[in-house]
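# Architecture and fold: a report
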Amino acid sequence: MTGRPRSTRGPANPSGSRPSLRFRDRSAFDGVRRREVGALDLTAHSVAVLVPSLTALGSGLAFPAAVGPGFWLSTLLGFGLVALLTVTFNQFSSRFTSAGSLYTFVAKGLGTRVALMVGGGLLVGYSAMIGFGLGSGSQRAEAALSAGGVDLFAGTGRQLVLLVVGALMCLYAISRGIYWSTRAALVVEVVSLVVLVVVLVNWLERYGWPGAQVLSLEGASWSRILLGAGSIVTLTLAFESSASLGLETKRPFAEVPFALRWSLLLAAVLFAFANLVATMRPADAPSVFTWRWFAPGAERSTTDALVLGVLAVSLVALALCVWCALARLVFSLAREGVLPEALGRVDGRGIPLTAALAVTPLALVPTMIGVLTEDGGTSFGWTLKVSTAVVICTVYALTALSLIFFLRRIDEVSPGPVLAAGVAGAGAAAVAVNELVTELRAGSYLALGLVVAAGVLGGLMWRGALGRSETPDRYVGMHEEALASSVLLPPEGRADRHADV
Amino acid sequence: MPTSDPDGFLARQPAAVDSAFAVLEAVARLGPGVTARELTEALPMSRASVYRIIKHLVANEYLVRTPDLRGFVIGERVRALASGAITDLVRGPDEHSEP
C-alpha cells in the first residue's frame with residue numbers, strides 16, 4: 001500500500017539530528033484522487049459546517065436578548081476565541097497535509113497515545129455532528145411541511161422518513177466524489193446565505209435600523225458575556241473539518257488555511273449582523289424559535305416554510321461535509337493500521353467509500369433513537385450538539401497544546417503562534433468544563449457519556465496500535481509526505497551535509 | 001533609487017521578491033534538509049520574515065518539507081521552471097515565431 005522509502009539513511013524522524021531525506025516513492029495515501037477541490041469549494045465545505053444561516057436566524061437573533069447589554073462583546077470574544085483556534089490549526093495545516101486533521105496534528109506534538117484519544121473524540125464528535133445535521137434537518141423539513149399546510153402523515157414517522165432521505169442524499173453525494181460533494185455544499189450555501197440576507201433585510205424594514213445605543217455596556221453582566229462567548233464556540237463545532245480534505249485539495253498549504261479563515265469571518269459577520277438586527281425587535285414579539293421570521297405568531301406561512309426548507313437542506317449539507325471528513329478520518333486510521341485495513345480502501349474513482357459507509361450506523365442510529373424518544377418541542381439533534389461540545393472542545397484544547405510541542409520539535413517556535421495556542425487552548429478547555437458542569441448540574445449525562453465513549457474508542461485504537469509494528473512506512477499520525485519525484489536532490493552520496501548520521 | 005531601461009521598465013524590485021529569492025538561494029546553497037533555524041542564521045532577515053517566506057514558498061511548491069517536517073528541499077516547481085527554460089533554449093527562438 002505504501003511506497004518503499006528511498007534515499008539516504010537513518011530513521012524518518014530522528015529528533016535532535018539532521019532532517020531525514022528519506023522521501024517515499026509512493027504516497028502512504030495512494031489511490032485517493034488528488035487536486036480535486038479548489039479554494040472556493042473548500043471554503044463552501046467550511047461554511048456548510050458553520051451553517052451561518054441557521055446560527056444567525058436562531059441563536060444570532062436571540063443572542064442580544066439572552067446576553068443583554070454587552071452582547072456584541074460576547075460575540076466578539078466568542079468568535080475571537082474561534083479565530084485563535086483557527087490560527088492554531090492553520091499552523092499545522094500550512095506545514096503538512098493529512099486526512100486525519102486534528103488527531104494527526106496532535107500526534108506530531110503530544111504523541112501516539114494522546115493522538116488516538118483525540119481520534120476517538122473526533123469519531124464521536126463528528127458522528128454526533130452528522131446526527132445533529134440530519135436530526136435538526138429533518139426537524140426543520142417537518143416544520144416546513146407543517147408551515148406550508150402539508151399535514152399528510154405529519155409527526156415522528158414523517159420526520160424519521162425525512163431523516164433517512166437526508167442520509168441517502170448525503171451518501172449519494174459522497175459516492176459522486178469530493179468535488180461533487182463540495183460543489184453541492186457551495187450551491188446550498190449560496191442559496192441559504194441569500195435567504196438569510198433577505199430575512200435580515202426584511203427585519204430591518206419592519207423594525208428599523210439599530211442606533212449606537214445598542215452598543216452600550218450599561219448594566220452588562222460579565223458572567224453572561226463570558227457564557228455567551230462560550231456558547232458561540234459551541235456553534236462553530238467541527239469548522240476545522242475541511243482540513244481533512246487536504247489530500248484532495250489543489251494547493252492544500254494555502255487553501256486549507258484560507259477556507260478556515262474566510263468561512264469563520266463570514267459566519268462571524270453574519271452572526272453579528274443578525275445580533276444588531278434583533279436589537280430592534282419588540283420585547284413582546286414571539287420567540288425566534290417559533291420559526292416564523294416573516295409571519296410572527298402565524299400557524300401557517302408559505303414564506304417561512306420556504307426558509308425552513310432551505311435551512312433543512314443547509315443542515316443536510318452540514319451532515320454531508322462532516323460525513324466526508326469523518327470518512328477520511330477513518331480512512332487515515334485504517335491506512336495507519338489502527339483500524340481494519342478494509343476501511344483504508346478507495347474505490348475506482350479514488351473515493352474512500354468503504355469508510356463512508358462504515359460510519360453510517362454511528363451517524364444514524366443515535367439520532368433515530370433520539371427522534372423516536374424526543375419530547376415535543378425539544379430537539380435531540382440540538383441536545384446532542386451541545387453535549388458534543390464537551391468532546392470537541394477538549395480535542396481543540398489538546399490540539400492547541402500540541403502545537404507548542406510540535407513547533408519545538410521542528411525548531412520553528414515563534415511567540416505569536418505559541419501565544420495564540422495558549423489562549424485558544426485555555427479558552428476551549430474552559431468551554432468544555434463549563435458545558436460539562438452545566439449538563440451534570442441539570443441532571444444530564446449525555447456529555448459525560450460521549451466523553452467516556454471517546455475515551456473507550458481511543459483506548460481500543462491504542463490497543464490495536466500496540467499490536468502492529470510501527471515503521472517509517474506506517475505510523476500513527478501519518479501525513480502526506482513529499483515524494484522523491486517532487487524534490488530536487490543531489491545524486492546519492494553528495495547529500496552528506498544534511499544526511500542522517 | 002529606481003532606474004529604468006530604454007523601454008521604461010522600472011528596475012526597482014519589490015523587497016518581498018528579493019527576500020523570496022534569497023531564501024530559495026540559501027536553501028540551494030546550504031543543501032537539502034536545511035532547517036528554518038539555519039536559514040534565519042544564514043540570512044539577514046528577521047525570523048518572522050523567514051518563516052513567512054518559507055510558508056509562502058512551501059504553499060506554492062517551490063520548497064518542500066522533508067518527511068520529518070524539520071527541513072526544506074528545493075521543490076519540483078523550480079525544476080519545472082528550469083526545464084521549461086532549457087527546453088526553450090534547445091528549441092531556439094525561431095520555433096516560437098508564428099509561421
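Residues numbered from 1 in each chain as written. Chains lettered and ligands numbered in written order. Predicted model: local features only at pLDDT ≥ 70, side-chain atom pairs only at ≥ 80, totals over all residues.

## Comments concerning the overall build of chain B
We apply this condition: Under the DSSP-based scheme used, a helix requires at least four consecutive residues in state H or I and a strand at least two consecutive residues in state E, with every element numbered from the N terminus. Residue pairs qualify as contacts under a 7 Å threshold applied to their C-beta atoms, which are placed from the backbone.
From N to C terminus, chain B includes four helices and three strands. Scanning chain B from its N terminus toward the C terminus, one meets helices and strands in the order α-β-α-α-β-β-α. For chain B, contacts bridging at least 24 residues in sequence account for 35% of all contacts bridging at least 6.

## Some remarks on the overall build of chain A
Here is the rule we go by: In this description the radius of gyration comes from C-alpha coordinates, and the expected globular size is given by 2.2 Å times residues to the power 0.38.
Within chain A, the regular secondary structure consists of 15 helices and two strands. Computed over its C-alpha atoms, the radius of gyration of chain A comes to 23 Å, within 12% of the 23 Å expected for a compact globule of 501 residues. Oriented by its inertia axes, the alpha-carbon framework of chain A measures out at about 80 × 50 × 40 Å. A sequence separation of at least 24 residues applies to 83% of the contacts in chain A between residues at least 6 apart.

## As for the sheet that holds strand 2 (residues 63–65) of chain B
Picture the strands of a sheet paired through backbone hydrogen bonds; they go either parallel or antiparallel. All names here are of chain B. Selection rule: Any two strands with at least two DSSP bridges between them are considered paired. A fitted line through C-alpha atoms represents every axis, and for helices the fit uses only the stretch in contact; the resulting angles, taken between N-to-C directions, go from 0 to 180 degrees.
Pairing is antiparallel in the open sheet, where three strands are placed in the order 1-3-2. Two strands in the sheet have a free side with no partner beyond their single neighbour: strand 1 (34–35) and strand 2. Where strand 1 meets strand 3 (residues 71–74), two bridges bridge the pair, whose relative direction is antiparallel. Opposite T35, over in strand 3, you have G71 as the bridge partner. Docked against the sheet, helix 1 (residues 15–30) engages strand 1, strand 2 and strand 3, running at close to 95° with respect to strand 3.

## Considering the environment of A80 of chain B
Put simply, the rule is: Around each residue's C-beta, the other C-beta atoms within 10 Å are counted; 20 or more make the residue buried, 12 or fewer make it exposed, and counts in between make it partly exposed. All C-beta atoms are placed from the backbone.
Residue placement: A80 of chain B occurs in helix 4 (residues 76–91). According to the C-beta neighbour criterion, A80 of chain B is exposed, with 12 such atoms within 10 Å.

## Quick word on the interface of chain A and chain B
Put simply, the rule is: Throughout this entry, Asp, Glu, Lys and Arg are counted as charged residues, while Ala, Val, Leu, Ile, Met, Phe, Trp, Tyr, Cys and Pro are counted as nonpolar. The remaining residues, Gly among them, count as polar.
Every contact between the two is made by 28 residues of chain A and, on the other side, 27 residues of chain B. Broken down by class, the residue content of the side of chain A that touches chain B amounts to 14 nonpolar, six polar and eight charged.

## Brief notes about the packing of helix 1 (residues 39–50) of chain A against helix 9 (residues 252–278) of chain A
Residue and element names in this part refer to chain A. Our working rule: To sort the angles, those under 35 degrees are grouped as roughly parallel, those over 145 as roughly antiparallel, those from 65 to 115 as roughly perpendicular, and the leftovers as oblique. Rotating anticlockwise by less than a right angle from the far helix to the near helix defines a left-handed crossing, while the corresponding clockwise rotation defines a right-handed one.
For the pair helix 1 and helix 9, the least separation of the axes is 8 Å and the interaxial angle reads 45°. Between helix 1 and helix 9, the angle falls in the class oblique. For helix 1 against helix 9, the interelement crossing comes out right-handed. Contact residues: helix 1 offers A39, L42, T43, H45, S46, V47 and L50, while helix 9 offers E255, V256, F258, A259, L260, W262, S263, L266 and A267.

## So, the environment of G166 of chain A
All names here are of chain A. Position of G166 among the secondary structure elements: in helix 6 (residues 156–175). With 26 C-beta atoms packed within 10 Å, G166 lands in the buried category. G166 sits 153 residues away from A319 along the chain, and the two C-alpha atoms are 8.6 Å apart. Each residue touching G166, except ones within four places of it in the same chain, is listed here: L134, G137, S138, V316 and A319.

## What to know about the nonpolar core
Soluble, globular proteins show a tendency: their nonpolar side chains are buried together. Residues and elements named next belong to chain A. Just so we agree on the cut-off: A set of buried Ala, Val, Leu, Ile, Met, Phe, Trp, Tyr and Cys residues, joined to one another through C-beta atoms within 7 Å, is what we call a nonpolar core.
Residues V322 and W323 are the most contacted members of the largest nonpolar core, which totals 158 residues. The element contributing the most residues to this core is helix 10 (residues 302–335), with 25 residues. Other than its neighbours up to four places away in sequence, W323 contacts I130, C170, I174, A356 and A363.

## With respect to the confidence of the model for chain B
All names here are of chain B. Where we set the bar: For every residue, the predictor assigns a confidence score, pLDDT, that lies between 0 and 100.
With 75% of its residues at a pLDDT of 70 or more, chain B shows a mean pLDDT of 82. Note that pLDDT drops below 50 for residues 1–11; the model gives that stretch eight contacts with residues more than four away or on any other chain. For this predicted complex, the interface confidence comes out at an ipTM of 0.87, alongside a pTM of 0.91.

## Structural notes on helix 6 of chain A
Residues and elements named next belong to chain A. For clarity, the cut-off: Each helix should span, by expectation, one fewer than its residue count multiplied by 1.5 Å. Each direction from the helix axis to a C-beta atom contributes to the arc, which is the arc of those directions.
The end-to-end C-alpha separation of helix 6 is 29 Å, in line with the 28 Å expected for 20 residues at 1.5 Å each. The complete set of buried residues in helix 6 reads Q159, L162, L163, G166, A167, C170, A173 and I174. Seen from one end, helix 6 has its buried residues packed into an arc of 140°, which puts them on one side. Away from the buried face of helix 6 by more than 90 degrees, exposed residues G157 and L168 are located. On the buried face of helix 6, the contacting elements are helix 5 (112–147), helix 7 (178–207), helix 10, helix 11 (353–358) and helix 12 (360–373). Phi turns positive, to about 110°, at G177, one or two residues after helix 6.

## Topic: helix 3 (residues 47–59) of chain B
Given a rise of 1.5 Å per residue, 13 residues ought to cover 18 Å, and the 18 Å separating the end C-alpha atoms of helix 3 of chain B matches this to within 8%. Taken together, the buried positions of helix 3 of chain B are occupied by V50, I53, I54, K55, L57 and V58 of chain B. Its buried side turned inward, helix 3 of chain B meets helix 9 of chain A together with helix 1, helix 2 (36–42), strand 2 and strand 3 of chain B. Where helix 3 of chain B terminates, the next one or two residues include E61 of chain B, which has phi positive at roughly 65°.

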